[in-house]
Amino acid sequence: MDQKPARARIIDAAFAAFGVHGYAQTSMLEIATRAKVSKRELYALVGNKHDMLVACITERAGRMRPPAEMPKPHNRESLAEVLLAFGDRLLREVSDPVVLGVFRLAIAEAERAPEIAQALDSIGRAAAREDLAAIMEQAQSRGLLIGDTAEMTERFLALLWGDLLMRLLLRLAEPPTPEAARHRAHDAVLNFLRLQQASV
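Criteria and cut-off values
- Residues numbered from 1 in each chain as written.
- Predicted model: local features only at pLDDT ≥ 70, side-chain atom pairs only at ≥ 80, totals over all residues.
- Heavy atoms only, no water.
- Helix = DSSP H or I, 4+ residues; strand = E, 2+ residues; numbered from the N terminus.
- Buried < 20%, exposed > 50% of the residue type's maximum accessible area, 1.4 Å probe, protein only.
- Contact = heavy atoms within 4.5 Å.
- Areas by Shrake-Rupley, 256 points an atom, 1.4 Å probe, with all protein chains shown as cover.
- Patch = residues over 30% accessible without salt bridge, like charges linked within 9 Å, V, L, I, M, F, W, Y side chains within 5 Å.
- Salt bridge = Lys/Arg side-chain N within 4 Å of Asp/Glu carboxyl O.
- Expected span 1.5 Å × (residues − 1).
- Axes fitted to C-alpha atoms, helices over the stretch in contact; angles between N-to-C directions.
- Parallel < 35°, antiparallel > 145°, perpendicular 65-115°, else oblique.
- Nonpolar A, V, L, I, M, F, W, Y, C, P; charged D, E, K, R; others polar.
- Core = buried A, V, L, I, M, F, W, Y, C linked by side-chain atoms within 4.5 Å.
- Phe/Tyr/Trp six-rings, centres within 6.5 Å; stacked < 30°, edge-to-face > 60°.
- Lys NZ or Arg CZ within 6 Å of the ring centre and 35° of its normal.

Asker: Just checking my understanding: could you explain the overall build of the protein for this structure?
Answerer: Each helix and strand counted, the protein has 10 helices and 0 strands in total. Put simply, the protein runs from its N terminus to its C terminus through helices and strands in the order α-α-α-α-α-α-α-α-α-α. Its C-alpha atoms give the protein principal-axis dimensions of about 60 × 35 × 30 Å. Relative to its 200 residues, the protein shows a buried fraction of 42%. In the protein, the proportion of contacts linking residues at least 24 apart, taken out of those at least 6 apart, comes to 68%. By element, 55% of the accessible surface of the protein is carried by carbon and sulfur atoms, the whole surface being about 10,800 Å².

In structure tokens, the structure reads:
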């Protein structure tokens, strides 16, 4: 028997059902059946289907965020370490097959259920950008970086991802191994810091 708490089972079941049937075609009954809970318990613990979708995305997005105890950059070496940890974590979490499934779901349901893309963007993508922008601002305040925070954030993400996310969504590439993700993040940090130094 599944020992997970009921709420965790509901979120797992919703992810699985959305992936198989799409958001619009998934019924609350199916989610309840997969989670082995009653519909009444489903509504009490999570809410309606949109609440469930938001809970699913929020749960995964939380894993992308840097830990609260992450040190603040105080020199170029510590900045490189913080960016490496951020990039490595983001690559591994977004490349997770379940997260990729949510991205594909958002694309497939863009017309019928635009709230999926809206939730994914505001809870997932925007939060990750805000966290990265905060790192850039901390580095700026210590004189480690010079430039527009938004531009530096976009530049680092472009170096980190390249066309990997598109290839993953199209199933033209496999998710990177932990070693490959760390190597990719390391290269992005080196290239970013070189570019920033050149632009000073």
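Now that the structure has been shown, the text picks up again.
Asker: When you look at a nonpolar patch on the surface in this model, what are you seeing that I'm missing?
Answerer: On the surface, Met-166, Leu-170 and Leu-172 cluster together into a nonpolar patch covering about 340 Å² of accessible area. By the secondary structure assignment, Leu-170 is in the loop between helix H9 (164-169) and helix H10 (178-199). Taking relative accessible area as the criterion, Leu-170 reaches 53% and is therefore assigned exposed.

Asker: Can you help me understand helix H6 (residues 97-108) in this one?
Answerer: Two residues of an α-helix separated by three or four positions point the same way, owing to the 3.6 residues in each turn. When the terminal C-alpha atoms of H6 are compared, their 16 Å separation across 12 residues agrees well with the 16 Å that a helix rising 1.5 Å per residue should span. If you check which residues of H6 are buried, you get Val-99, Leu-100, Val-102, Phe-103, Leu-105 and Ala-106.

Asker: Looking at this structure, how should I read the environment of Gln-3?
Answerer: By secondary structure assignment, the location of Gln-3 is in the segment before helix H1 (6-21). C-alpha of Gln-3 to C-alpha of Pro-71: the two residues are 68 residues apart in sequence and 35 Å apart in space.

Asker: What am I meant to see in the packing of H6 against helix H7 (residues 114-141) here?
Answerer: A pair of packed helices can be characterised by two numbers: the angle between their axes and the separation between those axes. Direction vectors running N to C along H6 and H7 enclose 140°, while the axes themselves pass 8 Å from each other. With respect to H7, the element H6 is oriented oblique. Taken together, the residues of H7 that come into contact with H6 (itself represented by Val-102, Phe-103, Leu-105 and Ala-106) are Ile-116, Ala-117, Leu-120 and Arg-125. Here the residues of the contact of H6 with H7 sort into 7 nonpolar, no polar and 1 charged.

Asker: What is the right way to look at the nonpolar core in this model?
Answerer: For soluble globular proteins, the rule of thumb is that nonpolar side chains tend to be buried together. Ranked by size, the top nonpolar core spans 61 residues in total, and within it Ile-31, Leu-83, Phe-156 and Leu-160 carry the most contacts. Beyond its immediate stretch of four places on either side in the chain, Ile-31 contacts Ile-10, Ala-13, Ala-14, Ala-17, Phe-18, Thr-26, Leu-42 and Met-52.

Asker: Can you help me understand the packing of aromatic side chains in this one?
Answerer: The geometry of an aromatic ring pair comes down to the distance between the two centres and the angle between the two planes. Taken as a whole and assessed by the stated rule, the structure comprises 2 aromatic pairs. When the centroid spacing of 5.7 Å and the interplanar angle of 85° are considered together, the rings of Phe-156 and Phe-192 count as edge-to-face. Taken together, the residues Phe-156 in helix H8 (residues 149-161) and Phe-192 in helix H10 connect sequence positions 36 residues apart. The positively charged end of Lys-49 is found above the aromatic ring belonging to Tyr-23, 4.9 Å away from the centroid.

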